[in-house]
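# Inside the fold
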Amino acid sequence: MDNKNTDVMTENKANKSKPFFKSKKAIILIIVGAILIVAGLVVGSSFILPKDISGAWELTVNPEIAVATADEIPESEKVYYVFDKPDRYGKGSWHICYQGGIEYYKYELLEEDGTEKINLGSENLIMKITGSKLLGNAKVSLIYPGYTDENSGMAYEAEEYVLEQAKAPDYEKSTYKTYEVDQRLVGEWATNERSLSYLYYTFYYTETVAVKDNGIMTIHYESDDLGLDRYLYYAYTANDSELTFSLVTDKETEYTVSYEFDENGNLKFTDDRTTASVFADAFFGEVTYYNPKELPVHTTADALTAE
């Protein structure tokens, strides 16, 4: 009897000393449990695990322009789409980089009738991802479905845009080879006196100029009425109250303006004869630029007033 009791106790000790998670039964239960949890999340929250579209992609096939290979497109004309990682519902942020500018948007990955699609802010596009991001040869096809105009009866074929895995341009590092910095200019300067006239209306927009001590200047155009949210990056050099600058993707084209500060320390640009802003007018114009925190309240009761 004593021997049998000893054997049972020894066996119990052996069982207790064996960690649960190392047993085959436990591993099977853990795997099954994980599958049930994932399945429950998918069913319960009605989402599909999104494709990994995060990263930078270069637009290499654009049916709107003449056919050209990626090597034939000059750097100043290249277009890049940069996607942040989507959340578990397939939603995320993206921005587009082209001609020295950046615009920001939202996107959503979804599925319709078993077809993977993406919405970049307007309509749902068919999306196909091929290749391998790991190997660096991934491609994304975005397809606008064909349709027939109900009024004219004209049929339009589907259009396919192709994005290839790439490295996003770093506009922050695209300075002049040599540049000078005027510390009085460094900082942000904003005005809400700029406007755009269209038909019978005048639309006001905010223009913020950020002068950095790294030789890069950005101009941010922003307006809810115009749906405008665009940053443009410029290389610059400042010396003796004169500012020379170029779009980071076109340093051969230079613009020069003079600047001064009023008695309140606000910034004004003078002798501004340049005509290459986002609206093809003067970059700065005869307006006053303030510290953004001190920007006067604009009388935008006039924001949509008839002239």
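Residues numbered from 1 in each chain as written. Predicted model: local features only at pLDDT ≥ 70, side-chain atom pairs only at ≥ 80, totals over all residues. Heavy atoms only, no water.

### Some remarks on the confidence of the model for the protein chain
Our working definition: One number per residue, pLDDT, summarises how confident the predictor is, and it ranges from 0 to 100. For this analysis, residues touch if any pair of their heavy atoms sits within 4.5 Å.
On average, residues of the protein chain carry a pLDDT of 81, and 78% of them reach 70 or more. Within the model, the stretch residues 1-22 combines pLDDT values under 50 with five contacts to residues more than four positions away or in other chains. Predicted confidence for residues 299-307 stays below pLDDT 50, and this span has 18 contacts to residues more than four positions away or in other chains.

### Some points on the nonpolar core
What tends to happen in soluble globular proteins is that the nonpolar side chains get buried as a cluster. Our working definition: To form a nonpolar core, buried Ala, Val, Leu, Ile, Met, Phe, Trp, Tyr and Cys residues must be joined to one another through side-chain atoms within 4.5 Å. Per-residue accessibility, obtained with a 1.4 Å probe over protein chains only, is compared with the maximum for each type, and a residue is labelled buried under 20%, exposed over 50%, and partly exposed between these values. Here a helix means four or more residues in a row that DSSP labels H or I, a strand means two or more in a row labelled E, and each is numbered from the N terminus.
The biggest cluster of nonpolar side chains holds 24 residues, and the ones touching the most others in it are Met217, Tyr234, Leu243, Phe245, Phe269, Phe284 and Tyr289. Elements with a minimum of two residues in this core: β12 (201-211), β13 (216-223), β14 (228-239), β15 (242-247), β16 (250-261) and β17 (267-270). In terms of residue count, β14 provides more of this core than any other element does, five residues in total. Core analysis: the next-biggest nonpolar cluster, separate from the first, contains 19 residues, Trp57, Leu109, Val140 and Leu142 among them.

### A word on the side chain of Arg194
Selection criterion: Here a polar contact is taken to be a pair of N or O atoms separated by no more than 3.5 Å, where protein atoms must pair a possible hydrogen donor with a possible acceptor and residues adjacent in sequence count only if both atoms sit in side chains.
Inspection of the secondary structure assignment puts Arg194 in strand β11 (residues 187-198). Look at Arg194 and you get buried, because its relative accessible area is 7%. Engagement of the side chain of Arg194 in a polar contact is seen with the side chain of Glu207, the distance being 2.5 Å. A polar atom in the side chain of Arg194 sits 2.8 Å from the backbone oxygen of Phe283.

### Considerations on the pairing of β11
This is how the line gets drawn: Here, any two strands with at least 2 DSSP bridges between them count as paired.
Where β11 and β12 come together, ten bridges link them in antiparallel fashion. Counted as the bridge partner of Ala190 is Thr208 from β12.

### Structural notes on the pattern of salt bridges
We count it as follows: A pairing counts as a salt bridge when a side-chain nitrogen of Lys or Arg comes within 4 Å of a carboxyl oxygen of Asp or Glu.
Per the stated rule, a full pass over the model turns up nine salt bridges. Put simply, Lys117 and Glu112 hold a salt bridge, and the shortest N to O gap is 2.8 Å. Looking at Glu112, the relative accessible area reads 28%, which means it is partly exposed. When the shortest N-O distance is used, the salt bridge between Glu207 and Arg194 registers 2.5 Å. Of this pair, Glu207 sits in strand β12 while Arg194 sits in strand β11, placing them 13 residues apart in sequence.

### Notes on unusual backbone geometry
At Asp113, a residue that is not glycine, the phi angle is positive and equals roughly 55 degrees. Mapped onto the elements, Asp113 comes out in the loop between β4 (101-112) and β5 (115-119). For Asp113, a relative accessible area of 82% puts it in the exposed group. Located in the positive-phi region is Ser241, a residue other than glycine, with phi close to 60 degrees. Tracing the backbone shows Ser241 in the loop between β14 and β15.

### As for the environment of Leu243
Relative to the elements of secondary structure, Leu243 occurs in strand β15. In the structure, Leu243 is positioned 16 residues away from Tyr259 in sequence and 7.3 Å away in space, judged by C-alpha atoms. Setting aside residues up to four positions removed in sequence, Leu243 forms contacts with Leu185, Met217, Tyr236, Thr237, Ala238, Tyr255, Thr256, Val257, Tyr259 and Phe269.

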